[in-house]
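Close look at the chain arrangement
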Amino acid sequence: MSFSRVTCLVFTLLAALLFPVLPAHAESGYDLWLRYGPVGDAARRADYAGALRSLVMRPDSPAAKATLAELQRGLEGLLGAGIPVAADVTADGALVVGTPSGSPVVAALGLGDRLSAQGAEGYVIRTARTGGHRVTVVASEGEAGVLYGAFHFLRLLQTGRSIQDLDIAERPAVERRLLNHWDNLDGTIERGYAGGSLWQWDELPGRVDPRVEDYARANASLGLNGTVVNSVNANPRSLSAEYIAKAAALANTFRPYGIRLYLSANFDSPRRLGGLATADPLDPAVIAWWKDKAAEIYRAIPDFGGFLVKADSEGQPGPYGYGRDHADGANVLADAVGPHGGIVMWRAFIYDADVDPDRVKRAHKEFVPLDGRFRANVFVQVKNGPLDFQPREPFHPLFGAMPKTPLMAELQVTQEYFGHSTHLVYLAPMWNEFLRSDTYAKGPGSRVADIIDGRVHGYRMTGMAGVANTGLDRNWTGHHFAQANWYAFGRLAWNQELDAALIADEWIRMTWGHAPEVVSTIGSMLLDSYETYVRYTMPLGLHHLIGGDHYAPMPENPDPRREDWSAIYYHRADETAVGFDRTRSGSAAVDQYHPPLDDRWNDPATTPENLLLWFHRLPWDHRLRSGRTLWEGLVAHYTQGAEEAKGLAARWETLRGKVDDERFEAVAAKLRTQVEDAARWRDHCLQYFQQFSRRPM
Ligand code: BDP
């Protein structure tokens with residue numbers, strides 16, 4: 001062997017030793033959790049292949065075609081080879097997919113009662129026998145259920161579960177599972193941090209960007225079934241014939257994936273779009289205008305979901321402008337869409353300063369008296385907390401206070417107050433906390449989740465909405481880890497009991513792979529990130545320490561436009577104390593909560609420390625449970641939070657070379673900024689508060 005050949009061989013061997021697991025290719029993140037990477041474990045893969053020799057399915061509708069295409073795409077990626085589609089079961093190892101009405105093979109399995117128990121969106125996944133052959137069946141009474149079941153089945157493979165002896169039955173906890181897009185007609189997104197609008201309005205309706213279909217697939221994989229495509233600060237033109245045609249093109253793409261399209265409506269549309277003299281909801285011409293508009297929309301979009309409305313809030317028009325109330329306003333729209341099967345989601349995000357000096361009390365004061373006045377097809381849509389998506393808020397007191405009005409919960413997936421798409425913050429732990437909060441509306445055991453899913457008050461409709469974090473960035477969400485929040489929102493809308501850790505585990509395996517180090521490192525980063533963020537930004541119940549961009553620390557902010565947009569209104573720091581007194585000696589916001597929460601939160605000794613300064617204004621040397629003074633506690637939280645941010649970056653560094661370089665570097669760069677920002681939050685807030693506390697760090 002020549003010298004050069006030997007060197008060559010040595011180098012090849014060395015390379016193989018040094019880089020045994022070099023990632024095959026760079027990844028942009030475009031594929032989300034639907035990457036369908038090959039199953040690595042050989043035994044598992046053989047197992048899967050044995051159970052999946054044929055796919056018995058009739059793709060005779062757009063929804064069934066979409067389901068089949070997804071199964072083929074997924075199984076081919078996971079198993080490395082496509083599986084043949086057959087009309088019937090002729091041997092062991094068939095995957096049988098469909099509805100009893102569309103598939104004689106499914107019908108013959110006699111799953112009738114089990115399927116009706118799950119409803120048209122629920123499904124059954126079972127190992128069964130038919131004609132002497134062993135099969136796996138994915139079945140539902142409805143086509144959407146079949147699609148969701150197919151995604152669930154794929155998820156089993158994606159997360160490395162066994163598919164022997166399956167017996168799974170699921171149905172969604174709430175009926176309406178929506179993303180709310182705050183997309184403007186000019187292509188920008190309000191509070192969007194991942195590029196422009198996915199809809200590419202200018203190209204519609206002539207061309208629908210192929211991404212729209214991938215967006216629909218991603219949502220369907222989570223069981224999301226509705227999308228509000230335009231911002232709550234709605235441009236009246238959204239309801240023009242021109243934009244209805246554009247929306248219809250989107251709706252056509254969504255439909256096979258079980259997703260209904262909804263629109264945000266500007267309350268003054270009859271005037272500003274229709275040319276009427278008024279938008280008074282009791283005016284006959286206005287009533288007729290909404291009816292005609294609804295009919296026009298339903299001609300273009302037969303399964304149109306309905307309207308989302310932000311009225312009399314932050315400058316948006318509403319019924320108050322015409323001497324009417326929110327029920328009058330919601331009902332005129334509800335009557336227009338009702339005959340077509342549509343609904344109205346009327347937002348409770350209102351905070352008129354005349355109602356109460358404490359902003360967080362205003363919505364409750366205005367909406368509770370209206371309970372019972374809304375039409376049957378109206379939801380009141382309520383943010384998780386009474387202020388505005390702050391890092392930590394108590395649950396909104398409207399949950400448990402409107403027994404006759406279905407409440408739709410509104411969560412914010414986009415990270416408006418969470419470091420935008422720059423900071424890594426996994427929001428599922430916060431959503432768990434919210435959903436598991438006991439409202440005590442009917443004694444103990446009336447958790448927010450039980451209110452939303454209708455169990456407590458017997459609501460006639462149920463729903464959950466999330467403000468989307470998607471945009472035109474190649475990876476959809478700006479930060480690769482922000483995909484986890486989209487994923488987690490969808491999973492929780494389907495099943496509110498799911499734990500943040502379990503959701504994280506699924507997402508990691510599907511998005512980053514199964515290597516134990518990768519799964520455990522990313523898992524711990526995700527699960528720690530929420531408390532870390534709270535610590536370095538707004539610990540101990542502090543809130544709204546920001547300015548106009550809602551990103552950088554700005555506790556000194558005195559917003560000249562509105563007192564309740566400033567920061568000093570909320571923290572009220574001076575030499576003697578800090579915090580907002582919402583006890584009975586202050587704003588008495590505690591009394592908007594059911595007993596025993598009202599008394600519990602009225603007393604600093606029984607208030608959870610993570611909400612302390614939300615409910616109380618306390619002297620700097622107030623003793624915390626740790627024995628520290630409040631000032632020392634603040635210093636400790638900010639310091640620990642900033643250290644933990646460094647820890648996130650350090651943990652990520654251990655994964656260098658263990659995940660693909662492209663995503664690794666992108667995340668690493670964002671983490672570097674997060675570490676700097678966390679230190680800035682710590683320094684800025686502590687220096688600011690120190691001028692009042694006059695105590696050492
Ligand atoms: C606030 C946002 C603002 C939204 C508003 C809303 O800052 O952009 O328009 O919520 O929910 O959080 O209507």
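Rules used throughout
- Residues numbered from 1 in each chain as written.
- Predicted model: local features only at pLDDT ≥ 70, side-chain atom pairs only at ≥ 80, totals over all residues.
- Heavy atoms only, no water.
- Domains from an automatic or database assignment.
- Contact = heavy atoms within 4.5 Å.
- Buried area = accessible area lost by both parts, 1.4 Å probe.
- Salt bridge = Lys/Arg side-chain N within 4 Å of Asp/Glu carboxyl O.
- Polar contact = N/O pair within 3.5 Å; in protein donor to acceptor, adjacent residues only side chain to side chain.
- Helix = DSSP H or I, 4+ residues; strand = E, 2+ residues; numbered from the N terminus.
- Buried < 20%, exposed > 50% of the residue type's maximum accessible area, 1.4 Å probe, protein only.
- Axes fitted to C-alpha atoms, helices over the stretch in contact; angles between N-to-C directions.
- Parallel < 35°, antiparallel > 145°, perpendicular 65-115°, else oblique.
- Nonpolar A, V, L, I, M, F, W, Y, C, P; charged D, E, K, R; others polar.
- Left-handed = near helix turned anticlockwise from the far one by under 90°.
- Near = heavy atom within 4 Å.
- 1 Å grid on protein atoms, 1.4 Å probe; cavity = no way out; pocket = protein on both sides within 12 Å on 5 of 7 lines; lining within 4 Å.
- Sits in = over half its atoms within 2 Å of the grid points.
- Core = buried A, V, L, I, M, F, W, Y, C linked by side-chain atoms within 4.5 Å.

Right, let's talk about the domain arrangement of the protein for a bit. Taken domain by domain, the protein holds domain 1 (42-170), domain 2 (176-506) and domain 3 (534-580 + 617-693). Placing the centre of domain 1 and that of domain 2 at their C-alpha centroids yields a distance of 33 Å. Contact with domain 1, which involves 14 residues of that partner, is made by 15 residues of domain 2. Both faces considered, domain 1 and domain 2 share a buried interface measuring about 1,300 Å² in area, 52% of it formed by carbon and sulfur atoms. Ranking the residues of domain 1 by area buried against domain 2 places Tyr148, Phe151 and Arg155 at the top, with a combined share of 38%. Summed over the shared surface of domain 1 and domain 2, the number is three salt bridges. Residues Glu70 and Arg217 are paired through a salt bridge, measuring 2.6 Å at the closest nitrogen-oxygen approach. Counting across the interface, domain 1 meets domain 2 through four residue pairs in polar contact (both at pLDDT 80 or more). Within the residue set of the side of domain 1 that touches domain 2, elements represented by two or more residues are helix H3 (62-79) and helix H6 (143-158). Of the residues forming the side of domain 1 that touches domain 2, the biggest block, five residues, is contributed by H3.

What follows deals with the pairing of strand S3 (residues 94-98). Counting buried residues along S3, five of its five residues qualify, which places the element largely inside the surrounding structure. Where burial is concerned, the two faces of S3 agree: the one with Ala94, Val96 and Gly98 and the one with Leu95 and Val97 are both buried.

For any two helices packed against each other, the geometry comes down to the angle between their axes and how far apart the axes lie. Contact pair helix H21 (residues 630-653) / helix H22 (residues 661-693): the axes reach a minimum separation of 9 Å and the direction vectors enclose 170 degrees. When the interaxial angle is binned, H21 and H22 end up roughly antiparallel. Within the contact of H21 with H22, the residues separate by chemical class into 20 nonpolar, four polar and five charged.

Okay, the packing of helix H13 (residues 428-436) against helix H15 (residues 483-494) next. The N-to-C vectors of H13 and H15 enclose an angle of 25 degrees; their axes lie 10 Å apart at closest approach. Judged by the angle between their axes, H13 and H15 are roughly parallel. The interaxial crossing formed by H13 with H15 has right-handed handedness. Here H13 contributes Ala428, Trp431, Asn432 and Leu435 to the contact with H15, which in turn contributes Asn485, Ala488, Phe489 and Leu492.

So, about the site of the ligand. Not every one of the 14 residues close to the ligand is listed here, only the nearest: Glu190, Lys310, Arg347, Asp388 and Glu416. Between the ligand and Glu190, the relevant distance is 2.3 Å, taken from an oxygen atom to a side-chain nitrogen or oxygen of the residue. For the ligand, an oxygen atom lies 2.6 Å from a polar atom in the side chain of Asp388. More than half of the atoms of the ligand fall within 2 Å of the grid points belonging to the second largest pocket. Broken down by class, the residue content of the shell around the ligand amounts to four nonpolar, two polar and eight charged.

Attention now goes to the nonpolar core. Counting 212 residues, the largest nonpolar core has Leu52, Phe307, Trp652 and Phe689 as its most contacted members. By residue number, the principal contributor to this core is H22, which donates eleven residues. Here Phe307 is in contact with Leu239, Leu263, Ala265, Trp290, Ile297, Leu333, Val337, Ile343, Val344 and Met345, once residues within four sequence places are set aside. Formed by 14 residues, the second largest nonpolar core is a distinct cluster that contains Val56, Leu115, Val124 and Val135.

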